[in-house]
Amino acid sequence: MKLSARNQLAASVAGITEGQINGLVRLRLLDGHLITANISMKAIEWMQLKEDKPVYAVIKATEVMVAAEPVRISARNQLPGRIVDLLEGTVNGMVFIDIGSGQQISSTISMESIRKLGLHRGMDVFAVFKATSVMIGLELDSISFGLM
């Protein structure tokens, strides 16, 4: 799978809650953490998602917020990790967070937020993102490219 989205986390399907239009797909990352994706039932059926199926959680870096501590917020995905790199730009910066088992998640946030939170290498943080920000990907040879 080749995508411009920087965050492509190896996972497996841990469970599915079906709805009329969308479903919630729980994904187990390599380190055992669970995240949730909110995707269409058509996509769930088309991708033949089922428990234990290997997938990728795909999240654009601009959709990932960084919190210095756990937060009570409607975004249901909050992954603990440690900042391993931080690239500073004029307006935005990139924060790279080690979330365990050799996987990283990156966030593109404003330099103002980086300064206000006092973000630095080695700092423990949380990567926060909504379930609607999570796309699910399969290996290319696992997809039939028919019309949906």
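Quick look at the structure, then. (Residues numbered from 1 in each chain as written. Predicted model: local features only at pLDDT ≥ 70, side-chain atom pairs only at ≥ 80, totals over all residues. Heavy atoms only, no water.)

## Some remarks on the sheet that holds strand E10 (residues 135-137)
Moving on, step 1. The five strands lie next to each other as E3-E2-E1-E4-E10, forming an open sheet whose pairing is antiparallel. Strands at the two margins of the open sheet, each flanked by one partner only, are strand E3 (34-40) and E10. Averaged over all adjacent pairs, the angle separating strand axes in this sheet is 45°, with direction ignored. (Pairing = 2+ DSSP bridges. Helix = DSSP H or I, 4+ residues; strand = E, 2+ residues; numbered from the N terminus. Axes fitted to C-alpha atoms, helices over the stretch in contact; angles between N-to-C directions.)

## Some details on the sheet that holds strand E7 (residues 92-100)
Moving on, step 1. Ordered in space as E5-E9-E6-E7-E8, the five strands form an open sheet in which the pairing is antiparallel. Each edge of the sheet is formed by a strand with only one pairing partner; in this case those strands are strand E5 (65-67) and strand E8 (103-110). Here the strands of the sheet are splayed against their neighbours by 45° on average, with no regard to which way each runs.
Moving on, step 2. Pairing analysis gives six bridges linking strand E6 (residues 77-88) to strand E9 (residues 124-129), with the strands arranged antiparallel. Residue pairing across strands places glutamine 78 opposite valine 128, the latter belonging to E9.

## Some remarks on the pattern of salt bridges
Where charged atoms from two side chains of opposite charge come close, those side chains can pair.
Moving on, step 1. Under the definition given, this model contains three salt bridges.
Moving on, step 2. Across the pair arginine 121 and aspartate 85 runs a salt bridge, and its minimum N-O distance is 2.7 Å. Of this pair, arginine 121 sits in the loop between helix H2 (111-117) and E9 while aspartate 85 sits in strand E6; the two residues are 36 residues apart in sequence, bridging distant segments of the chain.
Moving on, step 3. On the basis of relative accessibility, which here comes to 53%, the residue arginine 121 falls in the exposed class.
Moving on, step 4. The shortest N-O distance in the salt bridge between lysine 116 and glutamate 112 comes to 3.1 Å. (Salt bridge = Lys/Arg side-chain N within 4 Å of Asp/Glu carboxyl O. Buried < 20%, exposed > 50% of the residue type's maximum accessible area, 1.4 Å probe, protein only.)

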